[in-house]
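So you can see what is in the structure, the chains are spelled out below.
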Amino acid sequence: MTDVLFPQISQKDPEAEGTLATWFAEDGSAVTEGDLLAEVAVDKVDMEVLAPCSGTLSHAAEEGAVLVQGTVIGSVT
Amino acid sequence: MTTVTEQPTRRLNTAKAMVEAIAAEMERDDNVFVLGEDVGAYGGIFSSTTGLLDRFGPERVMDTPISETGFIGAAIGAATEGMRPIVELMFVDFFGVCMDQIYNHMAKIHFESGGNVTVPMVLMTAVGGGYSDGAQHSQCLWGTFAHLPGMKVVVPSNPADAAGLMTAAIRDDNPVVFMFHKGVMGLPWMKKNPRSIGPVPIGEHVVEIGKAATPRSGSDVTVVTLSLSVHHALDVADELAGDGVDVEVLDLRSIVPLDTDAIIESVSRTGRLVIVDEDYQSFGLSGEIAARVAEHDPGLLRAPIRRVAVPDVPIPYSRSLEYAALPTPARIKAAILEAVGR
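The rules we used
- Numbering of residues begins from 1 in every chain and follows the order in which that chain's sequence is written.
- Numbering of ligands from 1 and lettering of chains from A proceed in the order in which they are written.
- At least 70 in pLDDT is required for a residue's local features to be given in this predicted model, at least 80 for side-chain atom pairs to be given and counted, and no such filter applies to totals for whole chains, interfaces and linings, which use all residues.
- Excluded from the side-chain calculation are hydrogens and water; included are all heavy atoms of the structure.
- Where helices are involved, their axes are fitted lines through C-alpha atoms of the stretch in contact, as for all axes, and angles between N-to-C directions lie from 0 to 180°.
- Secondary structure elements are defined from DSSP: runs of H or I of at least 4 residues count as helices, runs of E of at least 2 residues count as strands, and each element is numbered from the N terminus.
- When describing relative orientation, an angle under 35 degrees is termed roughly parallel and one over 145 degrees roughly antiparallel, while 65 to 115 degrees is termed roughly perpendicular and anything else oblique.
- Here, two residues are considered to be in contact whenever any of their heavy atoms come within 4.5 Å of each other.
- Strands are labelled as partners when DSSP assigns at least two bridges between them.
- Criterion for a salt bridge: a side-chain nitrogen of Lys or Arg within 4 Å of a carboxyl oxygen of Asp or Glu.
- Classification of residues uses two cut-offs on accessible area relative to the type maximum, computed with a 1.4 Å probe and protein chains only: under 20% is buried, over 50% is exposed, and between them is partly exposed.
- Each pair of aromatic rings taken from Phe, Tyr and Trp, with Trp reduced to its six-membered ring, is defined by centres within 6.5 Å and is described as stacked if the planes are under 30 degrees apart, edge-to-face if over 60, and tilted in the remaining cases.
- In plain words, nonpolar cores are sets of buried Ala, Val, Leu, Ile, Met, Phe, Trp, Tyr and Cys residues tied together by side-chain atoms within 4.5 Å.
- Domain borders in the structure are assigned automatically or taken from a domain database.
- Buried area adds together the accessible area that both of two parts lose upon being put together, with accessible area traced by a 1.4 Å probe.
- By the criterion applied in these results, polar contacts are pairs of N or O atoms within 3.5 Å in which, for protein atoms, one can donate a hydrogen and the other can accept it, and in which residues neighboring in sequence qualify only through two side-chain atoms.

Q: Sorry, what's going on with the packing of helix α3 (residues 68-80) of chain B against helix α4 (residues 99-106) of chain B here?
A: Relative placement of two packed helices is described by the angle separating their axes and the distance separating the axes. Residue and element names in this part refer to chain B. At a minimum axis distance of 8 Å, the contact between α3 and α4 shows a crossing angle of 25 degrees. Classified by the interaxial angle, the pair formed by α3 and α4 is roughly parallel. Contacts from T69, I72, G73 and I76 of α3 reach α4 at Q101, I102, H105 and M106.

The structure is reproduced here in structure tokens:
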């Protein structure tokens, strides 16, 4: 199992919060390494979250959730 | 016998779908390139070109100065010499400074040259309001472009159509104005409608320009609309289905060419027509559609045509006034209920 993390967007403020804006890959879907999983936003800066490996994606956070950078948002098994 | 296999898809928002379509055409054809304000490092202010600079380099993804006449003129010149430029006018509202290039040159060179010179380019531009950007950054203006002969005008409402229409626009030998509403892009920092994210076919995917789609079939009333208003119309149709009103929603997808046949076919079944248009009401698309139906056969209509458009005022900055002017779901619902006599 590999965790999918909310990426570190703000280096200045490691505790910065952001929004899990969009889940492109649905809960329980099969993903291939490098696939677009989600998009997050911190202070109007968007960043894509890509699949760290191939497998089945489980969501651990809801779309629209406000989270601290580095939070586990899902896993691929 | 042909075997139809279902094409694999992946979920994208409209912005990413457009970028993928542009990238695929840039891979396929070295003549395709992108230019405009902030299309490079910034990736387009509504994310219409994100990542293209990294993938294709500064010779094919060119940031320009704030000089719309200059860079749109440059695109026209490149197109007449055989390139296939995609040039971005950041907001359609800025057309005023560069309209001579657009409607006297881009749109007329093919005609003026007796058909000898083609202008195969895409002019893409952000349209629409709803986020308090004021009177000079919130207009749709597709009726203005459609009024002037010589340009195709494409207005997608969802990711799959945006990708397929962009591919068709790039391959088209005519100038195509590609108008994307900021509210259908699916951007995290804008109010996001779930219909802005959806499955997009992987691989070859072309949507023919000039064909409307029917995202919802119904028998009581036809709602003819386009762009972000398609999302609102579908939301309202879902709501009214519970009240026993069966709404058909027609997504025009392009207004030049306008799929008159699809409009007539639908209205001939429902007998009732509501036109929802985020452009100004007078002298525009909604009047044109009404005229085409009446020219074909006014007997098709069992109730007067209803129009839900922007009244003839500049789009206000104030949120409450802006939403009084825009074709909101509440206004669409009221018009549908009037049309069906409820």
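Q: Looking at this structure, how should I read the sheet that holds strand β6 (residues 55-59) of chain A?
A: Within a beta sheet, neighbouring strands are joined by backbone hydrogen bonds and run either parallel or antiparallel to one another. Residue and element names in this part refer to chain A. Strands sit in the order β1-β8-β6-β3 across an open sheet of four strands; the sheet is antiparallel. A single partner strand is all that each edge strand has here, and the edge strands are β1 (2-5) and β3 (30-31). With three bridges joining them, β6 and strand β8 (residues 72-76) adopt antiparallel strand pairing. Looking at β8, one finds that H59 is bridged to G74.

Q: I would appreciate a short explanation of the sheet that holds strand β5 (residues 45-50) of chain A in the present structure.
A: All names here are of chain A. Taken together, the four strands give an open sheet; going across it, the order is β5-β4-β2-β7, and neighbouring strands pair in antiparallel fashion. In this open sheet, the two edge strands, each paired with only one partner strand, are β5 and β7 (66-68). The sheet shows a mean angle of 40 degrees between the axes of neighbouring strands, direction not considered. Of the strand pairs in this sheet, strand β2 (residues 17-23) and β7 are connected by three bridges, and their pairing is antiparallel. Within the sheet, the bridge partner assigned to T19 lies in β7 and is V66.

Q: I would appreciate a short explanation of the pattern of salt bridges in the present structure.
A: Between side chains of opposite charge, pairing is possible as soon as their charged atoms come close. Residues and elements named next belong to chain B. Going through the model one piece at a time under the given rule, you end up with 18 salt bridges over all chains. Measuring nitrogen to oxygen at the nearest pair gives 2.9 Å for the salt bridge that ties E25 to R171. Linking E25 in helix α1 (residues 14-28) with R171 in helix α7 (residues 159-171), this pair joins segments that are 146 residues apart in sequence. Residue E25 is classed as buried on the basis of its relative accessible area, which comes to 3%. Look at R171 and you get partly exposed, because its relative accessible area is 27%. The partner of D238 in a salt bridge is R216, with the nearest N and O atoms 2.7 Å apart. Here D238, found in helix α8 (residues 228-241), pairs with R216, found in strand β9 (residues 213-216); they are 22 residues apart in sequence, far enough to count as distant.

Q: Just to check I follow, could you spell out the packing of aromatic side chains for this structure?
A: Aromatic ring pairs are reported here in terms of the distance separating the ring centres and the angle at which the planes meet. Residues and elements named next belong to chain B. As enumerated under the stated definition, the model contains four aromatic pairs over all chains in all. Centre to centre, the rings of F46 and F91 are 5.3 Å apart; their planes meet at 80 degrees, and the pair counts as edge-to-face. Of this pair, F46 sits in the loop between β2 (32-36) and α2 (52-56) while F91 sits in strand β4 (residues 84-91), and the two are 45 residues apart along the sequence. Geometrically, the ring pair formed by F46 and W189 is stacked, given 5.9 Å between the ring centres and 20 degrees between the ring planes.

Q: Got a minute to help me understand the nonpolar core in this structure?
A: Nonpolar side chains in soluble globular proteins generally cluster together in the buried interior. Residue and element names in this part refer to chain B. Core analysis: the biggest nonpolar cluster contains 49 residues, and W142 and F145 have the highest contact counts within it. Counting residues per element, this core draws most heavily on α3, at six residues. Both of domain 1 (10-201) and domain 2 (213-339) provide at least three residues apiece to this core. Within the second largest apolar cluster, 44 residues are counted, among which are Y131, A163, V176 and I209.

Q: When you look at unusual backbone geometry in this model, what are you seeing that I'm missing?
A: Note: most residues except glycine have negative phi, and most peptide bonds are trans. All names here are of chain B. For the bond from V256 to P257, the omega torsion is -5 degrees, close enough to zero to count as cis. Relative to the helices and strands, P257 is located in the loop between β12 (254-256) and α9 (260-270). Despite not being glycine, S47 has its phi angle at roughly 60 degrees, a positive value. Tracing the backbone shows S47 in the loop between β2 and α2. Classification of S47 as buried rests on a relative accessible area of 17%.

Q: Whenever I open this one, the domain arrangement of chain B confuses me. Can you help?
A: Residue and element names in this part refer to chain B. Considered domain by domain, chain B is made up of domain 1 (10-201) and domain 2 (213-339). One C-alpha centre belongs to domain 1, the other to domain 2, and the line joining them spans 25 Å. In this assembly, 31 residues from domain 1 lie in contact with 26 residues from domain 2. Summing both partners gives a buried area of about 2,400 Å² for domain 1 against domain 2, and 52% of it is carried by carbon and sulfur. For domain 1, the biggest contributors to the area lost against domain 2 are S132, W142 and R195; these three give 26% of the whole. Counting every contact that joins domain 1 to domain 2 gives three salt bridges. For the salt bridge of D235 with R195, the shortest nitrogen-to-oxygen distance reads 2.7 Å. Put simply, domain 1 and domain 2 have 21 residue pairs in polar contact (both at pLDDT 80 or more) between them. Per-element tally for the side of domain 1 that touches domain 2: the top contributor is helix α6 (residues 142-147), with four residues.

Q: Which parts of the structure should I look at to understand the interface of chain A and chain B?
A: Size of an interface, as often reported, equals the accessible area lost when the parts are brought together. Taken residue by residue, the interface counts 11 residues in chain A and eight residues in chain B. Summed over both sides, the interface of chain A with chain B buries roughly 870 Å², with 54% coming from carbon and sulfur. Here chain A is connected to chain B by three salt bridges. At the boundary of chain A with chain B, the tally comes to four residue pairs in polar contact (both at pLDDT 80 or more).

Q: Whenever I open this one, the pairing of β2 of chain B confuses me. Can you help?
A: Side-chain direction in a regular strand flips from residue to residue, so the side chains alternate between the two faces of the sheet. All names here are of chain B. Among the five residues of β2, five are classified as buried, and the element is accordingly described as predominantly covered. Covered by surrounding structure in β2 are V32, V34 and G36 together with F33 and L35, the residues of both alternating faces. For β2 and β4, the ladder comprises five bridges, and the chain directions are parallel. Residue pairing in the sheet places V32 in a bridge with R84 of β4. Where β2 and strand β3 (residues 61-63) come together, three bridges link them in parallel fashion. Directly across from V34, in β3, lies its bridge partner V61.

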